[in-house]
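Structural overview for review
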Amino acid sequence: MRRTTLLAMQVGVGLAFLLVWHLLTAVPVSGGKPLFDPFFFSTPLDVLARTWKDLVSGELWYHLGITLTETVLAFTFGAIGGIAFGFLFARREILASVFDPYIKAANALPRVVLAPIFALWFGLGIWSKVALGFTLVFFIVFFNVYQGVREVSPVVLANARMLGMNERQLLRHVYWPAALTWMFSSLHTSVGFALVGAVVGEYLGSSAGLGYKIHEAESVFDVTGVFSGMLVLAVFVIVIDTFVTAIEKRLTVWQPGTGAATAQG
Amino acid sequence: MHAPAQVKEADSPAVRLSQVAITFALKGGGTYQAVRDIDLTVGASEFVAIVGPTGCGKSTLLNAAAGLLKPSAGGADIFGERLSGLNARAGYLFQQDALMPWKTAIDNVAVALEPKGVPRAEALARGREWLGRVGLAAFADRYPHMLSGGQRKRVALAQMLIRNPQILLMDEPFGPLDAQTRQIMGNLLLDLWAQDRKAVMFVTHDLEEAIALADRVVVMSAGPAARIVGDYPVSLPRPRDIAEIRLDPAFHAIHKAIWATLRVEVQKAYAQGEGANA
Ligand SMILES: Nc1ncnc2c1ncn2[C@@H]1O[C@H](COP(=O)(O)OP(=O)(O)OP(=O)(O)O)[C@@H](O)[C@H]1O
Ligand SMILES: [Mg+2]
C-alpha cells in the first residue's frame, strides 16, 4: 500500500471515531437530549477546546516537560542497569543460577504496589516516578540483553576467537552488538514502560505531570479534563514512538528486512 | 618467541594429528564416536585436500586442528608443539556463515587485524586491498545479509588471509559458488598460495576440485568412527590452471584411483542414511 493512502486511511479511522462520538454526545435526539450524557462522556469539541486552552496558556507544556523528564530518566537508568546486569549474568553463569528465583519473583511483582513505597523513600517529586519506571524498564532490558549475549551464534563466536580476539575485543565486536540487537528489539516496549511508570506514579501521588493532571480532573468529575489529558498522552506516545522508530532504523541497518525498506524509499 | 623449538620447528610438520579419536556426548545420554585412529600429517608448505562422504567427520577434524575441539584420544601437534587451547597459527574458513552480521564487508575484514594491533586506518586500507583481490571492491560497504552466499564466502576468505596465518583450514570454501566463480576462486587461491606456500587443510565434497588444487588427497571412510582409508599424492605439475588441469590424462588416472575408494564409502554412507530413514 502507498504511504499516502495508508496515512489517509489512518486519519479516516480517527475522524470516524470522533464523528460517532460527536453524534452520540452533541446531537440532540428525541426529547432534546443527546443519546449519551455529555457530563459522563464529554464531547469531542469540548475536549479539543480544553486541550487548546491548556496548550496556549502554557500549563500543558509544564506538565508534559515533567512527564518527559521522568520518562527519559527512567529509561536511561533502566537501560544502563539492565545492560550491565544482563552482561554480568550472561558471562557469569553462577550468578545467573543463584539469583534466578529472586529475579523471577521481583519481575513478577506488580510494580503498582511499589509506588507508595517509592513516594515514601524518594518523596513526591520526579524521583519516585523515575524509580517506578526504572523497575519496569530494567527487567525488560535485563532479560533481553541476557538472552542476546547467551545466544550469540557459536560459529560467529568461534570465528572471532580464531581471528585472535581477546575477551575485551570479543565483548566489543561480538557480545555487545548481539546484546544491543536484542535490546533494540524491545526498545518500543521499554520506552513505553518508562512512560507508564511515570504516568502511573504521577497518578498515584504528585503535584505535576500528565498523570497528575488526569487525576486532578477525575477527582472533580471533570470528564472533559480527563479526556483532554488522555488525548495529550496519546499524541505524546505517538511522537515518542516515531522517535524510537527513527533511532531503531538507524541502529539496525545491518539487519535483514530494513535493507529492503531503504531500497523502496 | 619459540626460541628453544626453533630447530625442531624447521623440520616439524605444520599439523600432525596422531591417533586422534573424537567422541561426542549426545543430548539424550549416550555417545557418538565421529572419528578414530586418525593419523594425518600436513607439511609446512603442503596443500592437503580432505574428501569423504557427508557426515564422516571432515569438519570435526578441522575443528581439532583449530583447537576448537579437544580430541577424546590422541592429540594435535602444531609445528612440533602439542596444541592446547586455540591454534593461534591457523586461520579458519568455516563451513557455515561466520561473518559478524553487524559489520560491513570491509569492517569484517579490517577487524581481523585488530588483534595484531594494526592501526585502524591501515587495517581499512589493507582490508580494501584484500576485498579487491577477492573481487568484491564494490561491495565493501554491504552488510553480510546483502551479499550472496558466494560473496560472503569470499569476504570470509579475505578475512582469513589478511592475517597471514601459517596454516589455512578451509571447510568447503567454494561450496555455494557457481562453477565459473569456483574456478576463478580456485585459481586465485592457488596463485595466493604459490606466493608463500602455507600449510593447507582443504575440505571439499568435490573430488575434481580436490585433485586440481592439492598436493595430496586424503579420503575418509563413512562414519561412525570414520578413519582415513586413502592418502593419494597428486604429482601434477604446478602452476596449475583449475580448468585446464582436468583435461590432463594424469588427472584422470588419479581421479579414477581415488574415486574407486571414495565411491565405496559414499555408497556406505548412503545406505546408512536409507537405513536411518526406514
Ligand atoms: N556436537 C555434536 N554432537 C553430536 N554429534 C555431532 C556433533 N558434531 C558433529 N556430530 C556428528 O559427527 C559426525 C561428523 O560431523 P562433521 O560435521 O564433522 O561431518 P562432515 O564430514 O563435515 O560433513 P559435511 O560434509 O556434511 O559437512 C556427524 O555424523 C555428526 O552428526
Ligand atoms: Mg562439514
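Values in this document were obtained by computation on a predicted structure and should not be read as measured data.

1. Examining the packing of helix α4 (residues 59-91) of chain A against helix α11 (residues 210-219) of chain A
All names here are of chain A. It is the contact of α4 with α11, at a shortest axis distance of 7 Å, that shows an interaxial angle of 125°. For the element pair α4 / α11, the angle class is oblique. Between α4 and α11, the residues in contact are Glu59, Leu60, His63, Leu64 and Thr67 and Leu210, Tyr212 and Lys213, respectively. Residues of the contact of α4 with α11, tallied by class, amount to four nonpolar, two polar and two charged.

2. Remarks on the domain arrangement of chain A
When the parts of a complex come together, some accessible area is lost, and that lost area is often used as the size of the interface. Residues and elements named next belong to chain A. Taken domain by domain, chain A holds domain 1 (21-52) and domain 2 (58-264). Just the C-alpha atoms count here: the centres of domain 1 and domain 2 sit 38 Å apart. On the side of domain 2, ten residues touch domain 1, which itself brings ten residues to the contact. When domain 1 packs against domain 2, close to 780 Å² is buried across both sides, 68% of that on carbon and sulfur atoms. Counting every contact that joins domain 1 to domain 2 gives one salt bridge. Ionic pairing is found between Arg50 and Asp222, a salt bridge with its closest N-O pair at 2.8 Å. Applying the counting criterion to the domain 1 and domain 2 interface returns three residue pairs in polar contact (both at pLDDT 80 or more).

3. Thoughts on the nonpolar core
If you look at the biggest cluster of nonpolar residues, it comprises 107 residues, and the most contacted ones within it are Val174 of chain A together with Phe47, Leu131, Met170, Ile211 and Val217 of chain B. Looking at this core element by element, the count peaks at nine residues for helix α7 (residues 126-150) of chain A. When sequence neighbours within four positions are dropped, the list of residues in contact with Leu131 of chain B reads Ala105, Ile106, Val109, Leu136, Ala137, Ala140 and Val155 of chain B.

4. Side note on the site of ligand 1
All names here are of chain B. The environment of ligand 1 is made up of 13 residues, and the closest members are Thr54, Lys58, Ser59, Thr60 and Gln95. Note that an oxygen atom of ligand 1 is positioned 3.2 Å from one of the backbone N or O atoms of Cys56. Here Ser59 contributes a side-chain N or O atom positioned 2.7 Å from an oxygen atom of ligand 1. Every element with two or more residues in the shell around ligand 1 is listed here: β2 (31-42) and α2 (58-66). No other element matches α2, which puts three residues into the shell around ligand 1.

5. With respect to the UniProt feature "transmembrane region" (unreviewed entry) in chain A
Residue and element names in this part refer to chain A. If you check UniProt for "transmembrane region" (unreviewed entry), the listed places come out as residues 60-90, 102-124, 130-149, 170-200 and 220-240 in our numbering. Taken end to end, residues 102-124 is 65% helix and 0% strand, and its two terminal C-alpha atoms sit 28 Å from one another. The span residues 130-149 is 100% helical and 0% strand by assignment, and the distance between its end C-alpha atoms comes to 27 Å.

6. Looking at the coordination of the magnesium ion (ligand 2)
Residues and elements named next belong to chain B. At 1.9 to 2.2 Å from the magnesium ion (ligand 2) lie its protein donor atoms, namely Ser59 (OG) and Gln95 (OE1). Highlighted residues: Ser59 in helix α2 and Gln95 in the loop between β6 (90-93) and α3 (105-110), separated in sequence by 36 residues. Among the residues examined, Gln95 registers a relative accessible area of 37% and is labelled partly exposed.

7. What about a nonpolar patch on the surface?
Together, Val29, Leu35, Phe36, Phe39, Phe40, Phe41 and Phe221 of chain A give the surface a local cluster of nonpolar side chains, amounting to about 740 Å² of exposed area. Examined against the element boundaries, Phe40 of chain A turns out to sit in helix α2 (residues 38-41).

8. Considerations on the environment of Ala73 of chain B
For Ala73 of chain B, the position within the fold is in strand β4 (residues 73-78). Here Ala73 of chain B is in contact with Gln19, Val20 and Ala21 of chain B, once residues within four sequence places are set aside.

9. Thoughts on the UniProt feature "domain: ABC transmembrane type-1" (unreviewed entry) in chain A
The feature "domain: ABC transmembrane type-1" (unreviewed entry), as annotated in UniProt, sits at residues 64-248 of chain A in this numbering. Secondary structure over residues 64-248 of chain A splits into 86% helix and 0% strand, and the C-alpha atoms at its two ends are 24 Å apart.

10. Looking at the environment of Gly125 of chain A
Residue and element names in this part refer to chain A. Within the secondary structure, Gly125 sits in the loop between α6 (115-122) and α7. Residue Gly125 is classed as partly exposed on the basis of its relative accessible area, which comes to 39%. A C-alpha to C-alpha distance of 9.0 Å links Gly125 and Glu202, two positions 77 residues apart in sequence.

11. Describing the packing of α4 of chain A against helix α12 (residues 223-251) of chain A
Residues and elements named next belong to chain A. Contact pair α4 / α12: the axes reach a minimum separation of 12 Å and the direction vectors enclose 50°. In terms of orientation, α4 lies oblique with respect to α12. Where α4 crosses over α12, the two elements pack in a sense that is right-handed. Along its contact with α4, which presents Leu60, Leu64, Thr67 and Leu68, the element α12 presents Val232, Phe236 and Ile240. Per-class residue counts for the contact of α4 with α12 are six nonpolar, one polar and no charged.

12. Considerations on the domain arrangement of chain B
All names here are of chain B. Looking at chain B, the domain boundaries give domain 1 (12-89 + 171-278) and domain 2 (96-164). Inter-centroid distance (C-alpha atoms) of domain 1 to domain 2 is 25 Å. In this assembly, eleven residues from domain 1 lie in contact with eleven residues from domain 2. Taken together, both faces of the contact between domain 1 and domain 2 bury some 840 Å²; the carbon and sulfur share is 73%. Inspection of the region where domain 1 meets domain 2 yields zero salt bridges. Where domain 1 meets domain 2, there are one residue pair in polar contact (both at pLDDT 80 or more). Grouping the amino acids of the side of domain 1 that touches domain 2 by side-chain chemistry returns seven nonpolar, one polar and three charged.

13. Some points on the UniProt feature "domain: ABC transporter" (unreviewed entry) in chain B
On the UniProt side, "domain: ABC transporter" (unreviewed entry) is annotated at positions that read residues 15-247 of chain B here. Annotation note: span residues 15-247 of chain B, helix share 30%, strand share 26%, distance between end C-alpha atoms 32 Å.

14. What to know about the interface of chain B and chain A
Each partner contributes residues to the interface: chain B has 24 residues there, and chain A has 21 residues. Overall, the association of chain B and chain A removes approximately 2100 Å² of surface from exposure, summing both partners, and the carbon and sulfur fraction of that is 68%. Taken as a group, Trp102, Glu114 and His145 of chain B account for 30% of the area that chain B buries against chain A, more than any other trio of residues on that side. Between Arg172 of chain A and Glu114 of chain B there is a salt bridge, and its shortest N-O distance comes to 3.6 Å. Linking chain B with chain A are nine residue pairs in polar contact (both at pLDDT 80 or more). Across the side of chain B that touches chain A, the residue classes break down as 16 nonpolar, four polar and four charged.

Rules behind the numbers
- Residues numbered from 1 in each chain as written.
- Chains lettered and ligands numbered in written order.
- Predicted model: local features only at pLDDT ≥ 70, side-chain atom pairs only at ≥ 80, totals over all residues.
- Heavy atoms only, no water.
- Axes fitted to C-alpha atoms, helices over the stretch in contact; angles between N-to-C directions.
- Helix = DSSP H or I, 4+ residues; strand = E, 2+ residues; numbered from the N terminus.
- Parallel < 35°, antiparallel > 145°, perpendicular 65-115°, else oblique.
- Contact = heavy atoms within 4.5 Å.
- Nonpolar A, V, L, I, M, F, W, Y, C, P; charged D, E, K, R; others polar.
- Domains from an automatic or database assignment.
- Buried area = accessible area lost by both parts, 1.4 Å probe.
- Salt bridge = Lys/Arg side-chain N within 4 Å of Asp/Glu carboxyl O.
- Polar contact = N/O pair within 3.5 Å; in protein donor to acceptor, adjacent residues only side chain to side chain.
- Core = buried A, V, L, I, M, F, W, Y, C linked by side-chain atoms within 4.5 Å.
- Buried < 20%, exposed > 50% of the residue type's maximum accessible area, 1.4 Å probe, protein only.
- Near = heavy atom within 4 Å.
- UniProt positions renumbered as here; feature names shortened; annotations may be inferred.
- Donors = N, O, S within 2.8 Å, 3.2 Å for Na, K, Ca; no water.
- Patch = residues over 30% accessible without salt bridge, like charges linked within 9 Å, V, L, I, M, F, W, Y side chains within 5 Å.
- Areas by Shrake-Rupley, 256 points an atom, 1.4 Å probe, with all protein chains shown as cover.
- Left-handed = near helix turned anticlockwise from the far one by under 90°.

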